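Observations on the model geometry
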Amino acid sequence: MNNIVTPILHHTDDGLRIVVCESHGAPVVAIQAWIDVGSADESEAEGGLAHVHEHMLFKGTARRGVGEIAGQVEAAGGDINAWTSYDHTVYHVVMASEFFDTGLDILADALCHSAFDKEELDRELEVILEEIKRSDDNPGSRVARALFELSFDVHPYRRPVIGHKEVVEKFSRDDVLAFYHGHYCKERTCVVVAGDVDTQEVIQKVTDAFSSLRTGARPREDRPAEPEPQGLRGRVLFDEVELCHLGLGFKGPPLTHPDSAALDVLCVLLGQIDSSRLSRKLRHEQRLVQSVYAYPYSPREDGLVVIGAQLSPDNLAPTLDIIAQELHRLSTDLCDEAEIEKARTILASECTFQQETVQGLAIRIGYWATLADDPAFEGRYLDAVAAVTAEQVRDVVRTYLGGDRLRGVVLLPEAHQGQDTDESFTHRLRTAFVDGAPDVPHPAPAPPPSWPKAVSPSRPPAELRRAPRREHMRLDSGATLIVEEDPTHPIVSVRAAWLGGTRGEREESLGHAHLVGSLLCRGTEQRSAEALSAQVDSMAGELEGFSGRNSIGVRGTFLKDAFEEGFELFAECVRGPGFAEDEVERIKKVTLDDIRSKRDDAAGLCFELFMKTLWTSHPYRRSVLGRAATVSAATRDNVRDHFRSRCAPQNAVFTVVGDVKADQARGMFERLLYPTAWTPDRVERWSPAAEPAPARPEVSRLCRDKAQAHLVVGHRGLALEDDARPALEVLVACLSGQAGRLFLELRDKKSLCYSVSAFSIEGVEPGSFGVYMGTSPHKVDEGLTGIDAILADVCAHGITDAELARARRYLIGTHGIGLQRLGARASAMVFAELYGLGFDEHLRYAHRIQNTSKHDVRDLAQRLLDPAHRIVTIVGPDDTGGPAATFHPQGLSIDEPLV
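Quick summary incoming for the structure in this document. Note that this is a predicted model, so its numbers are computed, not measured.

It is worth spelling out empty space enclosed by the protein at this point. For the structure on display, the rule yields 2 cavities of 30 Å³ or more. Estimated volume of the second largest cavity: approximately 40 Å³. Together, Leu475, Ser477, Phe669, Glu670, Leu673 and Tyr674 line the second largest cavity. Grouping the amino acids of the lining of the second largest cavity by side-chain chemistry returns 4 nonpolar, 1 polar and 1 charged.

Here it is in C-alpha cells:
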C-alpha cells in the first residue's frame, strides 16, 4: 500500500457526502464544498452560469450582507475563495482550527442561503466581463481556449468555463436561481474537511450546518459523446506578442480509465520535469524553446493530452519536428526501466508533498471523491502507477497520440498575419506528425489492466503536533546554520543564501546575478547539468538556484529517505557550480527570451514602468533579469567571478527544516559543504547609493493594444529593518482582500475591475508601496479617482477598530497557514537571518502585528502617501483614460533592442 492519509467518508440519509481527514501537523483546517456541477453541465444558453455562482455565493445572505462573508472569514484569520471547472464548482475556506465552527457556519450559509440580489448580480456580471477581458489578453489562455474548442466538436468541454461575453452579459436573476435550485442540492454536494479536527465531531457539525440545503436535484442532461477524431486540424491566432505560443492536443481518456496511470507516466517522461525528453532536447540541447510542457487533462469524460511550448516563431518548424520524432520513438521503442521508475517516483511523491498543507490534502481528497466517486481512490491510482510498464507507455502513445488524432493551435505575432494560415499550419503539422511518421506496423495494443482492487486500509493514528526544536549554530567555515527539527512529514527542505541579487550589481553587470542564480544548479565541478538534473528528478526532489532583488542562493527539497543523497548534490552546487561554457550560453539565451517575453505581459510592463519612474538610479528600478545588452555580453568568467566575489562561505546563511536531527545536519554540512577552507579571490559587499523620494508627482504611460488597461498608483515604501513594517502590513490588509476597502468600493460597489489590490515590496533599502488595478480603458479615470479617494481617507481619518481587528486576525492567521510547508519556513528563516532581522522573526510576527495600533497605521499612511510624491503608471490601448504623461523613463524592456 502507498503511504497516503486515509479519509473517512460519511453519507447522510438525505444524500450529503461528508469526507473527513485528520491531520494534526499544524493547528489549521480546510473546509471545502465540492458541488457536482460545472460548465459542462450547462446548455448553450447557460454558458458561464456555473462560474457566475462562484462569484455570487459570496455576495451576501439573509444573515450576512455584501462583504461580510469574506470579512468574517478574514476576521477569523482565514481565507475564502472558489473555483469552477468543467465538472465541478468548489468553495473553500482555510483557517486556524480553533475557528472551525465559524468557517463552517459561513460556508454553509453561503451555499444554502445566498441572496442573489439583482443589483449585486448586475454589478458582478460587469466584474466577470472584466475577467473575460483579462483572459483575452493572456496569450496562454487564448491558446488553451482555442485548443479545447478545436479538439471537441460536440462535447461541452469545447466551451470556456468562464463563458462568452455575449451570453454572460444577458444573464438574469431568474437564470441564476433556476441553475442554483436545479444543482445546489445535497445529492450533488460533497463537503471535505481536512486538518486539526476530530472526525466524529466534524460529521455531526457538517450534517447540522447543511441541514437546510435542499434535496431533489434536477435530472442531469446527458452530455453528448465526443466522436473519435477524424483527421488532423490546425488553427492560427495572432496577437501583439513577441514569442509564439504552441498548444497540441490529442483526445485522451477520462480520469477513471485504466490507461490514465500510464498516460500520467508518459507526460512526466515527455515534459513535466527538467530531465524529461522534450525539455532535454528542446530547451537544453537544441535551445529552441523558452519552455515546454506536457500534461493529461483527465476529467470525468474523455479529456485531452496536451503538449505546449513558448518559443521564437522562427523555431516553430524544428520544434514540431522534434516533438513528432519523440512521439514516433516512444511508439516504437520501449523506455528503459530507470526512466519509468523516475516517473513513478515523481507521481507518488506528489501525494506526500501535497499533504504538507491541509488545503492541499483537501483538494486531493475532493478531486477523487467527485471525479472517481471514491475519496480513497488515490491509493488505487498510485498502485496502478507503481505497476506501469514500458509496454503500457508505448501502447498509450500508439492508442492516443497518433498524428491523425492531433489538434494544434499556435499564437503568432501580428507581423505573421497574411503569411501563416490555418491551412499552412495544418500542412506543417501533417508533415511532421503524419508524413514524417515511420512506416512501422503496430500490433494491436494489449488491453489496459483493470484498476487494482480497493483495499480497506486500517486508519492510521493521527499524528500529534509537537513544538519544533530549533538550533542556531556557526560552522567552521564561518557560515551560519539554522536547523528546525519537524518530523510531521517525511520531507526535508534546505536553503542557502547570500546578500546580492540586483541590488549588488553595477551598471555594467546587470543580469549577472540572475545568470549566477540560474546556473548554480545547472552542473557542478563533478557532474554535468544533464546528470545533475536526472539524479534530482530520479529522487523526486527539487534543487534550483535563485536570484532576486536583495539576495542569491539555492533551495532544495527532498523526501526524507533521499535527503542524504540530495544534500550531496546541494553541497556540490553551493561549493562548486560548474558554469560550463555551453550551459552559460544556453542560460543567456533563455534569459534573453525571458526579457523578450516581458513585452507580452501588459500588467508586468505596468509594474516595470512604475519601478523605473519611482527610481531613476537605484538598482531597485531594474529588472532582475538584467538588460539584453549586458546579458548578451556576459562571459563565463564574468559569471564565475560574480559568484566567487559574493558567495563566500563565511557570508552564507543555511537553513534546514524537516525530518532531520540538528547534529546530523551539522555533521553533513561540515563534512560535505566546505571540507577544506575556500578563500574567495575577493569579497564584494557593494551597497548602492541612497536615492531620495521623487521630488514631484509623475505620470508615465505606455501604449499596448489590449482589451484591458493596467494602472499602478504608488509611493516609495519601507526598508526591511523599519520598525513601521507591521503598520504597513496592517494598512495593506485593510486595503486588500475581499473585505478590504479597495475590493468593496471599487469592485463590489462600482464594478470597475476584476483585479484590484494593494502591495508592498520591502528591501534592504526602502522599497515600494502601491495599488494595482486591471480595468477597462474607459474606466481608468474613475478607477484612479477611487484609489486616490481611498488613500486620502486613510491619511485623513485612519482605519476603524473593526478594520484593525480584522487585519490583525487575518495577518496572523494567514501567516500561520503560509508556514505549513517546510520550505516556507526554511525560506523565512534564511532570509530573516540574512537581512539581519533574526532567524526567529516569524515567531515574533504575531506579537508585532497584535501590538500595532490604529494610530501607527494612520501615522505611517501620512508619512508614505504624500500626493506630492505620488507615481502613476498606465498601460493600455490608445483610447485609455487617465492623465497625460509627465515622465518618460529610460531602459524599459519594451524599448530595448532584441539582441
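What follows continues from the structure just given.
With a phi close to 60 degrees, Asp373 is a non-glycine residue in the positive phi region. Take Asp373: it is sitting in the loop between helix H13 (358–371) and helix H14 (377–386). At Phe579, a residue that is not glycine, the phi angle is positive and equals roughly 50 degrees. With respect to the secondary-structure elements, Phe579 resides in the loop between helix H19 (563–575) and helix H20 (581–597). Residue classification places Phe579 among the buried positions, given a relative accessible area of 2%.

Tallying each qualifying case throughout the model produces 77 salt bridges. With its nearest N and O atoms 2.7 Å apart, the salt bridge here joins Arg300 to Asp36. Placement of Arg300 in the loop between strand S9 (289–297) and strand S10 (303–311) and of Asp36 in the loop between strand S3 (28–35) and helix H1 (49–56) is noted, with a sequence separation of 264 residues between them. Taking relative accessible area as the criterion, Arg300 reaches 22% and is therefore assigned partly exposed. As a salt-bridge pair, Lys251 and Glu228 come within 2.9 Å of each other at their nearest N and O atoms.

What follows concerns the sheet that holds strand S18 (residues 698–703). In a beta sheet, neighbouring strands are held together by backbone hydrogen bonds and run either parallel or antiparallel to one another. Ordered in space as S18-S22-S19-S21-S20, the 5 strands form an open sheet in which the pairing is mixed. Each of the sheet's edge strands pairs with one partner strand only, and the pair in question is S18 and strand S20 (753–761). Here the strands of the sheet are splayed against their neighbours by 15 degrees on average, with no regard to which way each runs. Running at roughly 180 degrees to S20, helix H25 (residues 725–735) makes contact with S20 and strand S21 (768–775) of the sheet.

Another aspect to go through is the environment of Arg64. Checked against the element boundaries, Arg64 lands in the loop between H1 and helix H2 (68–75). A relative accessible area of 6% means that Arg64 is categorised as buried. Separated by 300 residues in the primary sequence, Arg64 and Arg364 have C-alpha atoms spaced 30 Å apart. Arg64 has contacts with Ile69, Gln72, Asp105, Ile106 and Asp109, leaving out every residue within four places of it along the chain. There is a polar contact of 2.8 Å between the side chain of Arg64 and the side chain of Gln72. One polar contact links Arg64 to Asp105, side chain to side chain, over a distance of 2.6 Å.

Before going further, it helps to spend a moment on the layout of surface pockets. There is about 780 Å³ of room inside the largest pocket. Elements with a contribution of two residues or more to the lining of the largest pocket: strand S5 (89–96), helix H28 (801–818), helix H29 (822–834) and helix H30 (841–850). Looking at the lining of the largest pocket, the element that brings in the most residues is H28, giving 7 residues. Looking at the lining of the largest pocket residue by residue, the classes come out as 16 nonpolar, 14 polar and 10 charged.

The rules we used
- Residues numbered from 1 in each chain as written.
- Predicted model: local features only at pLDDT ≥ 70, side-chain atom pairs only at ≥ 80, totals over all residues.
- Heavy atoms only, no water.
- 1 Å grid on protein atoms, 1.4 Å probe; cavity = no way out; pocket = protein on both sides within 12 Å on 5 of 7 lines; lining within 4 Å.
- Points joined across faces, edges and corners; volume = space filled by probe spheres on them.
- Nonpolar A, V, L, I, M, F, W, Y, C, P; charged D, E, K, R; others polar.
- Helix = DSSP H or I, 4+ residues; strand = E, 2+ residues; numbered from the N terminus.
- Buried < 20%, exposed > 50% of the residue type's maximum accessible area, 1.4 Å probe, protein only.
- Salt bridge = Lys/Arg side-chain N within 4 Å of Asp/Glu carboxyl O.
- Pairing = 2+ DSSP bridges.
- Axes fitted to C-alpha atoms, helices over the stretch in contact; angles between N-to-C directions.
- Contact = heavy atoms within 4.5 Å.
- Polar contact = N/O pair within 3.5 Å; in protein donor to acceptor, adjacent residues only side chain to side chain.

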